[in-house]
Structure formats: C-alpha cells, structure tokens
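# Coordinate inspection notes
One letter stands for each residue in the lines below.
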Amino acid sequence: VQLVESGGGLVQPGGSLRLSCAASGFTFSTFGMSWYRQAPGKVRELVAGITSTGGRTDYVDSVKGRFTISRDNAKNTVYLQMNSLKPEDTAVYYCKITVRDYWGQGTQVTVSS
C-alpha cells in the first residue's frame with residue numbers, strides 16, 4: 001500500500017490549495033478515504049472523509065463550507081480542495097484509508113501573510 005500526498009505549500013489567508021493523494025497497492029475503489037491534519041503541538045485530527053463511491057462526505061465543523069473532499073476512482077486519487085484558508089489551517093495534511101492503518105507521508109500546508 002502506498003499513499004502519496006502532494007499539493008501543499010505556503011498560501012496567504014483567504015487563499016486556496018488543492019491537495020492530492022495518489023493511492024496504489026490496493027483496490028482503491030472499494031475503500032473509503034480520509035484526510036487528517038496535525039498542527040505543531042496538537043493531536044492529529046480528522047478533517048474529512050469520503051465513501052468508496054464518493055456518495056457521502058463528512059467534515060469536521062471547522063472546515064465545513066470551505067473544504068471539499070472528492071475522489072477519482074479511475075485515477076486512484078483522492079483530493080481535498082481547500083478554500084478561504086485561515087492561519088489555523090496550518091498543519092501537515094495526511095490521507096488515510098479510512099478503515100485501515102495506512103498513512104501517507106503528509107504534505108505541509110502553511111497559511112500565513
């Protein structure tokens with residue numbers, strides 16, 4: 001199993017980023033996927049989740065209306081579109097197979113002016 005995140009970077013408050021997580025080594029289309037984040041000195045938290053078909057999504061309250069999780073099963077990729085970014089969104093973002101303990105290496109998102 002391999003999960004490779006990309007798309008992080010430095011962005012100003014109010015800006016946008018789209019994270020990608022390329023998956024391999026398992027039947028991607030049969031597993032729900034999740035995005036987590038971990039800010040310095042804080043515990044890792046669940047940000048968003050999506051079912052295997054993409055028919056259902058869930059978000060932590062702090063990102064509702066700003067972030068959108070989606071997936072492309074033909075490309076074995078899950079995305080996190082992040083809009084209206086705030087400094088408190090600064091963290092390392094990880095993707096994960098929802099029901100398996102497999103994680104990517106993470107991608108850093110820094111929101112700062």
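In short, a report on the structure. Position labels on residues start from 1 in each chain and follow its written sequence. For a predicted model such as this one, the threshold for reporting local features is a pLDDT of at least 70, and the threshold for listing and counting side-chain atom pairs is 80 or more; totals across whole chains, interfaces and linings nevertheless cover every residue. To get the side-chain values, all heavy atoms of the structure are used, and hydrogens and water are removed first.

## Considerations on the packing of aromatic side chains
- Stacked, tilted and edge-to-face are the three classes assigned to paired rings of Phe, Tyr and Trp, where Trp is represented by its six-membered ring and a pair needs centres within 6.5 Å; plane angles under 30 degrees give stacked, over 60 edge-to-face, the rest tilted. A complete count under the given rule lists 4 aromatic pairs for this structure.
- When the ring of F26 is compared with that of F31, the centres are 5.8 Å apart and the planes differ by 75 degrees; the resulting orientation is edge-to-face.
- A relative accessible area of 18% places F31 in the buried class.
- One aromatic cluster is present, formed by F26, F28 and F31 through successive ring pairs. Remark: exposure states derive from per-residue accessible area (1.4 Å probe, protein chains only) relative to the maximum for the residue type, with buried under 20%, exposed over 50%, and partly exposed in between.

## Quick look at unusual backbone geometry
- Despite not being glycine, N76 shows a phi value in the positive range, around 55 degrees.
- Numbered from the N terminus, helices here are DSSP runs of H or I no shorter than four residues, and strands are runs of E no shorter than two. As for its placement among the helices and strands, N76 is situated in the loop between β7 (67–72) and β8 (77–82).
- Residue S84 is not a glycine yet carries a positive backbone phi of 50 degrees.
- Within the secondary structure, S84 is located in the loop between β8 and β9 (91–97).

## Side note on the sheet that holds strand β1 (residues 2–6)
- Taken in spatial order, the 4 strands make up an open sheet running β1-β3-β8-β7, and their pairing is antiparallel. Lying at the two open borders of the sheet, with one neighbouring strand each, are β1 and β7. On average, each strand axis in the sheet is tilted by 15 degrees relative to the strand beside it, whichever way the strands run.
- Looking at chain direction, β1 and strand β3 (residues 17–24) are connected through 5 bridges and run antiparallel. Residue pairing in the sheet places L3 in a bridge with A23 of β3. Any two strands are treated as partners once DSSP identifies two or more bridges connecting them. Simply put, an axis is a line fit to the C-alpha atoms, just over the touching stretch for a helix, and the angle between two N-to-C directions goes from 0 to 180 degrees.

## Overview of the side chain of S34
- Assignment of secondary structure puts S34 in strand β4 (residues 33–38).
- For S34, the side chain forms a polar contact with the side chain of T98, separated by 2.8 Å.
- When sequence neighbours within four positions are dropped, the list of residues in contact with S34 reads L46, A48, G49, Y94, C95, K96 and T98. Pairs of N or O atoms are called polar contacts if they sit within 3.5 Å, as long as, within protein, a hydrogen donor faces a hydrogen acceptor (for residues adjacent in sequence, only side-chain-to-side-chain pairs). Whether two residues are in contact is decided by their heavy atoms, any of which lying within 4.5 Å being enough.

## A word on the environment of L3
- As for its position among the elements, L3 is in strand β1.
- In this structure, the C-alpha to C-alpha distance between L3 and T30, residues 27 residues apart in sequence, is 15 Å.
- Setting aside residues no more than four positions away along its own chain, L3 makes contact with C21, A22, A23, F26, M33, C95, K96, I97, Y102, W103, G104 and Q105.

## A few points about the nonpolar core
- W35, V78, L80, M82 and Y93 are the most contacted members of the largest nonpolar core, which totals 28 residues.
- If you list the elements that add at least two residues to this core, you get β3, β4, β5 (45–50), β7, β8, β9 and β10 (107–111).
- Excluding residues within four positions of it along the chain, V78 makes contact with L19, S20, C21, F28, M33, W35, I50, I69, S70, R71 and C95. By nonpolar core we mean a set of buried residues, namely Ala, Val, Leu, Ile, Met, Phe, Trp, Tyr and Cys, connected to one another through side-chain atoms within 4.5 Å.

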